[in-house]
Amino acid sequence: MYPYRFSNVMIGYLNLGTLLASIPIIGAGLWLAKSSTTTCSSILQTPLLVIGFVVLLISLAGFVGACFHVAWALWLYLFAIMLLIAFLLGITAFGFAVTAGGGGTQIPGRPYREYHITDYSSWLQHHMQNMKYWRPALACVVGSKACAKIENWTPMDYLQHDLTPIQSGCCKPPTACQYSGGMPVGAQDEDCYRWNNAPDILCYQCNSCKAGVMEQIRQDWHKISVLNVIVLVALICICSCGCCAFRNARRSLSEYPYGGAMVPW
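As the structure is a prediction and not an experimental result, all values here were calculated from the model. (Residues numbered from 1 in each chain as written. Predicted model: local features only at pLDDT ≥ 70, side-chain atom pairs only at ≥ 80, totals over all residues. Heavy atoms only, no water.)

**Examining the state of the cysteines**
Then comes step 1: On inspection of all chains with the given rule, the structure shows four disulfides.
Then comes step 2: Put simply, Cys170 and Cys209 are joined by a disulfide, and their sulfur atoms are 2.0 Å apart. Judged by the sign of its S-S torsion, about 90°, the bond between Cys170 and Cys209 is right-handed. With Cys170 in helix H7 (residues 165–170) and Cys209 in helix H9 (residues 207–255), this pair connects stretches of sequence that are 39 residues apart. (Disulfide = S-S within 2.5 Å. Helix = DSSP H or I, 4+ residues; strand = E, 2+ residues; numbered from the N terminus.)

**Some thoughts on helix H5 (residues 131–143)**
Then comes step 1: Spanning 13 residues, H5 covers 17 Å between terminal C-alpha atoms, matching the ideal 18 Å at 1.5 Å per step.
Then comes step 2: For H5, every residue scored as buried is listed here: Trp134, Ala137, Leu138, Cys140 and Val141. End-on view of H5: buried residues confined to an arc of 160°, all on one side of the axis. For H5, exposure combined with an orientation more than 90 degrees from the buried face picks out Lys132, Arg135, Ala139 and Gly143.
Then comes step 3: Put simply, Asn130 is the residue that caps the front of H5, since its side-chain oxygen is 2.9 Å from the backbone nitrogen of Lys132.
Then comes step 4: The first or second residue beyond H5 is Lys145, which carries a positive phi of 55°. (Expected span 1.5 Å × (residues − 1). Buried < 20%, exposed > 50% of the residue type's maximum accessible area, 1.4 Å probe, protein only. Arc of directions from axis to C-beta. Polar contact = N/O pair within 3.5 Å; in protein donor to acceptor, adjacent residues only side chain to side chain.)

**Comments concerning the environment of Val54**
Then comes step 1: Mapped onto the secondary structure, Val54 falls in helix H2 (residues 45–67).
Then comes step 2: In this structure, the C-alpha to C-alpha distance between Val54 and Leu84, residues 30 residues apart in sequence, is 8.3 Å.

**A few points about the side chain of Ser168**
Then comes step 1: Mapping Ser168 onto the fold places it in helix H7.
Then comes step 2: There is a polar contact of 2.6 Å between the side chain of Ser168 and the backbone oxygen of Arg113.
Then comes step 3: Every residue in contact with Ser168, bar those within four places of it in the chain, is listed here: Tyr112, Arg113, Glu114, Tyr115 and Leu163. (Contact = heavy atoms within 4.5 Å.)

**With respect to the pattern of salt bridges**
Then comes step 1: A complete count under the given rule lists four salt bridges for this structure.
Then comes step 2: The salt bridge involving Glu190 is made with Arg194; its shortest N-O contact spans 2.8 Å. Within this pair, Glu190 and its partner Arg194 are both found in helix H8 (residues 190–194), separated by four residues, close to a single helical turn.
Then comes step 3: For Glu190, a relative accessible area of 51% corresponds to the exposed category.
Then comes step 4: For Arg194, a relative accessible area of 31% puts it in the partly exposed group.
Then comes step 5: One salt-bridge network, in which partners are shared between bridges, spans Glu190, Asp191 and Arg194. (Salt bridge = Lys/Arg side-chain N within 4 Å of Asp/Glu carboxyl O.)

**Regarding the UniProt feature "transmembrane region" (unreviewed entry) in the protein**
Then comes step 1: The UniProt feature table records "transmembrane region" (unreviewed entry) at residues 12–33, 48–68, 75–98 and 224–246.
Then comes step 2: In the segment residues 75–98, helix accounts for 100% and strand for 0%; the C-alpha atoms at its two ends are 35 Å apart. (UniProt positions renumbered as here; feature names shortened; annotations may be inferred.)

Dropping the structure here:
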């Protein structure tokens, strides 16, 4: 019957839209997975990959329901889309909440910023203070060789070139530190005492290093959040169109059960 065929055609297009929506989510997760070896911001990549593959599976299930006229599968498809919207909305809001703050402090006369652990959310601070999470993050920082790229810099280079958050926090002492004969002088930030010129020590145990990793997470997540919002809007539109198509099809079937208008006698 025409209304039912129309419903299937509409669901087919909706599934195509859902399938296309899964591509940027999976791509964003893979980008984070690939870039985590240099940015060390892999905390949020797993949820993105899970959401992307769930969207992909839901769209494939919707295709099966539409092609084989499985009505309950199509209703299940819409219900799954609603749950997915709620989950994606939740993780996007959570990502914004835990990456709030930060941004660093511009150092006068220097092109780079320095970062402080207290500027970030308590959840992110606790996450970085926990050795279960900080140990692999630190291994990533060391393995990225970010510090090796600036180990031959002169004082003039620090006045002329910018630094990544990880380089700023992990590869040098805070700019305010004062040293005499290689030793910190007077009462200063604790990171000034943690700094060591040895390539395998540097400022890897400094709070500024943890802050640099958190800033990298914040920057990467804000880039991903723009994509999340776009996908959310697309999924909401898809879900709305799907509900309207089902409602109209069922109304048409109840009013015109034989596929055409009733002829008055």
